[in-house]
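Descriptive structure summary
This is what each chain is made of:
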Amino acid sequence: MRATVFDRGSTPAEASELGGSADDSCAPTVGVEEEFTLLDPCSGAVVPAAVEIIRECGYPTRVVTESMLFMVEARTPVCTTLAEVQDALITLRRRVAEVASRHGVMAVATGVSPFGLPDRPQVTNEPRYNELARLFPAAMRTNGTCGCHVHVGVPTRQLAVEALLRFRPWLPPLIALAANSPIWEGEVTGWASQRFNLASRWPTFTPAPPVRSAEAYDQMVDEAVGSGLAMDSRSVYFLARLSPGYPTIEVRLADMSLTAEETVAYAGLVRALVSMAVDDAVAARPVVPVRQELLQRSCRSAARGGLRGVAPDPQTGRLVRSGLLVDAMVSRVQPYLRAHGDEALVLSTINRLRAVGGGAERQRALFRRASSPAAFVAALAAATTQAQRLSGS
């Protein structure tokens, strides 16, 4: 798939950083962003050491700042295979963890800081983040949540909008599969993804409302900014959106995965779903209607229950086990996983998660076994740099 720059305002050089490719391939390009939390190894409190750690990592386009001083973002290059994604993620996770340890800090892969946040937000001192804090103080108060964003190259903006329409039913099972933030303020919460709960304080952290043209999508974004729901197009935080900076569909709904293995499988699954949606759009296959209110309710239920919870089927409204929604999604997209050469890799990881539990279930188990905050943080840090080779790679 040949991807071209289709966003408003980016340059080809900027777009090549994370989405799009100059080479034709049967599988679209994929790029992944992961966000780490920096924790004190004894107390588990967040540590505002990101600027120093990022500088010392020495990857100025790969390891970058985020909205809070206790967060570090790592970005893969543009990848054509999941093996490339895996190698990049393992390298970046190890580098961030190594440098953090030299600063007496642990970098962990979880959707929220498990022992809460300071009363005063530790906002990164950049004009954009300072303005967001001024305009949205309540949302920024708990904005130190860490997600995994997957970018998939798509040729045109119009095709991307039509693909987003067809991607909508898969949002809830993806949320359930990726939930990895059950511990908040030192307690087991009622949420598999507390990150989803906190991020919902942003007005646009929702499924993108259904539109059928690039012009209608642009108008929707402009109206969100004009009405004060967002500061600019970059802060229109739809769960899946047209990236405002790259020629990609950007899927933003997932928590930071506990292990690199899970991130790689998730990225492969998202790429296959986007590919399927693009093909359906090109073939003008009918869009399955999904009501916005029901989809929002299904997403929220999936975030609460995780992989072993229940959620309304976004197409029928019938309450079902989230695992069944995941099974239906995987079955539907399996031909694309096979075509991309990702089938064995993705399915082996999902099968393992069915057996041992998703990130949320495993975090709860780690928390119950931990004798102290220090023990729990150490367990999270160990999982973060675990480098298990994926079956099929």
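For the structure given in this document, a descriptive report is provided here.

Conventions we followed
- Residues numbered from 1 in each chain as written.
- Predicted model: local features only at pLDDT ≥ 70, side-chain atom pairs only at ≥ 80, totals over all residues.
- Heavy atoms only, no water.
- Helix = DSSP H or I, 4+ residues; strand = E, 2+ residues; numbered from the N terminus.
- Rg over C-alpha atoms; globule rule 2.2 N^0.38 Å.
- Buried < 20%, exposed > 50% of the residue type's maximum accessible area, 1.4 Å probe, protein only.
- Contact = heavy atoms within 4.5 Å.
- Areas by Shrake-Rupley, 256 points an atom, 1.4 Å probe, with all protein chains shown as cover.
- Axes fitted to C-alpha atoms, helices over the stretch in contact; angles between N-to-C directions.
- Left-handed = near helix turned anticlockwise from the far one by under 90°.
- Nonpolar A, V, L, I, M, F, W, Y, C, P; charged D, E, K, R; others polar.
- Phe/Tyr/Trp six-rings, centres within 6.5 Å; stacked < 30°, edge-to-face > 60°.
- Lys NZ or Arg CZ within 6 Å of the ring centre and 35° of its normal.
- 1 Å grid on protein atoms, 1.4 Å probe; cavity = no way out; pocket = protein on both sides within 12 Å on 5 of 7 lines; lining within 4 Å.
- Points joined across faces, edges and corners; volume = space filled by probe spheres on them.
- Arc of directions from axis to C-beta.
- Salt bridge = Lys/Arg side-chain N within 4 Å of Asp/Glu carboxyl O.

Here we look at the overall build of the chain
- Scanning the chain for helices and strands turns up 15 helices and eleven strands.
- The C-alpha radius of gyration computed for the chain amounts to 19 Å, which stays within 12% of the reference 21 Å derived for 393 residues, consistent with globular compactness.
- Per-residue burial over the chain gives 59% buried out of 393 residues.
- A separation threshold of at least 6 residues defines the contact pool for the chain, and within that pool the share at least 24 residues apart is 76%.
- Carbon and sulfur atoms make up 53% of the accessible area of the chain, which amounts to about 14,800 Å² in all.

Let's talk about the packing of helix 14 (residues 359–369) against helix 15 (residues 373–384)
- Where helix 14 contacts helix 15, the two axes come as close as 8 Å, and the packing angle between them is 145°. The handedness of the crossing between helix 14 and helix 15 comes out as right-handed. Facing helix 14, whose interface residues are Gln363, Leu366 and Phe367, helix 15 presents Phe376, Ala379 and Leu380.
- Among the residues making up the contact of helix 14 with helix 15, the classes are represented as five nonpolar, one polar and no charged.

Concerning the packing of aromatic side chains
- By the definition in use, this model includes six aromatic pairs.
- Geometrically, the ring pair formed by Phe115 and Phe376 is edge-to-face, given 6.3 Å between the ring centres and 80° between the ring planes. In this pair, Phe115 is assigned in the loop between strand 4 (106–108) and helix 4 (127–135) and Phe376 in helix 15, connecting sequence segments 261 residues apart.
- Their ring planes at 80° and their centres at 5.3 Å tell us that Trp202 and Tyr237 sit as a pair that is edge-to-face. Here Tyr237 lies in the loop between helix 9 (214–226) and strand 8 (240–242) and Trp202 lies in the loop between helix 8 (194–199) and helix 9, a separation of 35 residues in the sequence. As far as burial versus exposure is concerned, Trp202 and Tyr237 are alike and both buried.
- Members of the aromatic cluster, joined through ring pairs, are Phe115, Phe367 and Phe376.
- Of note, Arg304 hangs over the ring of Trp191, and the distance from its end group to the ring centre comes to 4.3 Å.

Some remarks on the layout of surface pockets
- Counted as a void, the second largest pocket has a volume near 190 Å³.
- For the second largest pocket, the full set of lining residues is Leu165, Arg166, Pro169, Trp170, Met276, Asp280, Arg285, Pro286, Val287, Val288, Gln315 and Arg332.
- Among the secondary structure elements, those contributing two or more residues to the lining of the second largest pocket are helix 6 (157–167) and helix 10 (260–282).
- Split by residue class, the lining of the second largest pocket holds seven nonpolar, one polar and four charged.

Some words on helix 2 (residues 50–57)
- Within the span of helix 2, buried status applies to Ala50, Ile53, Ile54 and Cys57. Down the axis of helix 2, the buried side of the element spans an arc of 100°, and every buried residue falls inside it.
- Structurally, helix 2 contributes buried residues whose contacts are with strand 1 (30–39), strand 2 (63–65), strand 3 (71–75) and helix 3 (82–102).
- Gly58 sits one or two positions beyond helix 2 and adopts a positive phi of about 80°.

Some words on the side chain of Thr37
- Tracing the sequence through the fold places Thr37 in strand 1.
- Using a relative accessible area of 0% as the deciding quantity, one classes Thr37 as buried.
- Once you skip the residues sitting within four places of it in the chain, Thr37 turns out to touch Val46, Phe70, Met106, Ala107, Val108, Thr110, Ser113 and Cys146.

With respect to the pattern of salt bridges
- Within the structure shown, the criterion is met by 18 salt bridges.
- Residue Glu98 is joined to Arg102 by a salt bridge in which the shortest nitrogen-to-oxygen separation is 3.1 Å. Taken as a pair, Glu98 and Arg102 lie in helix 3 at a separation of four residues, close to a single helical turn.
- Relative accessible area serves as the criterion here: at 38%, Glu98 is assigned to the partly exposed category.
- Given the relative accessible area of 47%, Arg102 is considered partly exposed.

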